[in-house]
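The chain contents come next:
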Amino acid sequence: MQRVKKGRDDSHVVLERLTDQTCAFCDDGLLTPGEYKGNQAILCKSCNTPAVQLW
Ligand SMILES: [Zn+2]
């Protein structure tokens with residue numbers, strides 16, 4: 001999982017780039033914006049593994 005500092009100019013680009021990408025941790029998951037431990041993140045819909053977390 002990547003961690004990206006919130007407020008960086010490219011943080012929203014990172015989220016947009018990863019949305020709808022396939023999950024690296026399971027076979028048929030798609031990444032979708034959500035929350036992980038209270039932080040904005042991109043998570044897999046299938047296995048709930050966060051790919052990126054903004055903190
Ligand atoms: Zn997954």
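Residues numbered from 1 in each chain as written. Predicted model: local features only at pLDDT ≥ 70, side-chain atom pairs only at ≥ 80, totals over all residues.

A. A look at the overall build of the chain. Looking only at helices and strands, the chain features one helix and four strands. N-terminal to C-terminal, the α/β element order of the chain is β-α-β-β-β. Taken over C-alpha atoms, the radius of gyration comes to 10 Å for the chain, in line with the 10 Å a tight globule of 55 residues would show. With the principal axes as the frame, the chain shows a C-alpha extent of 30 × 20 × 15 Å. Contacts in the chain between residues at least 24 apart in sequence constitute 28% of all its contacts with a sequence separation of at least 6. (Helix = DSSP H or I, 4+ residues; strand = E, 2+ residues; numbered from the N terminus. Rg over C-alpha atoms; globule rule 2.2 N^0.38 Å. Contact = placed C-beta atoms within 7 Å.)

B. Focus on the confidence of the model for the chain. Mean pLDDT over the chain works out to 91, with 100% of the residues at or above the 70 mark. Across the chain, element-level confidence peaks in strand E2 (residues 31-36) with a mean pLDDT of 95 and bottoms out in strand E1 (residues 2-4) with 86. (pLDDT = per-residue confidence, 0-100.)

C. Inspection of the pairing of strand E3 (residues 39-44) at higher detail. Examined bridge by bridge, E2 and E3 share six bridges and lie antiparallel to one another. Paired with Leu-31 across the strands is Cys-44, a residue of E3. In textbook terms, the turn of a hairpin is the stretch between consecutive antiparallel strands, and for E2 and E3 this stretch comprises two residues, one of which, Lys-37, has a positive phi near 50°. Sheet topology note: the E3/strand E4 (residues 50-54) ladder contains three bridges and is antiparallel. By the bridge assignment for E4, Leu-43 is matched with Pro-50. The turn linking E3 back onto E4 is made up of five residues, and Asn-48 within it adopts a positive phi angle of 60°. (Pairing = 2+ DSSP bridges.)

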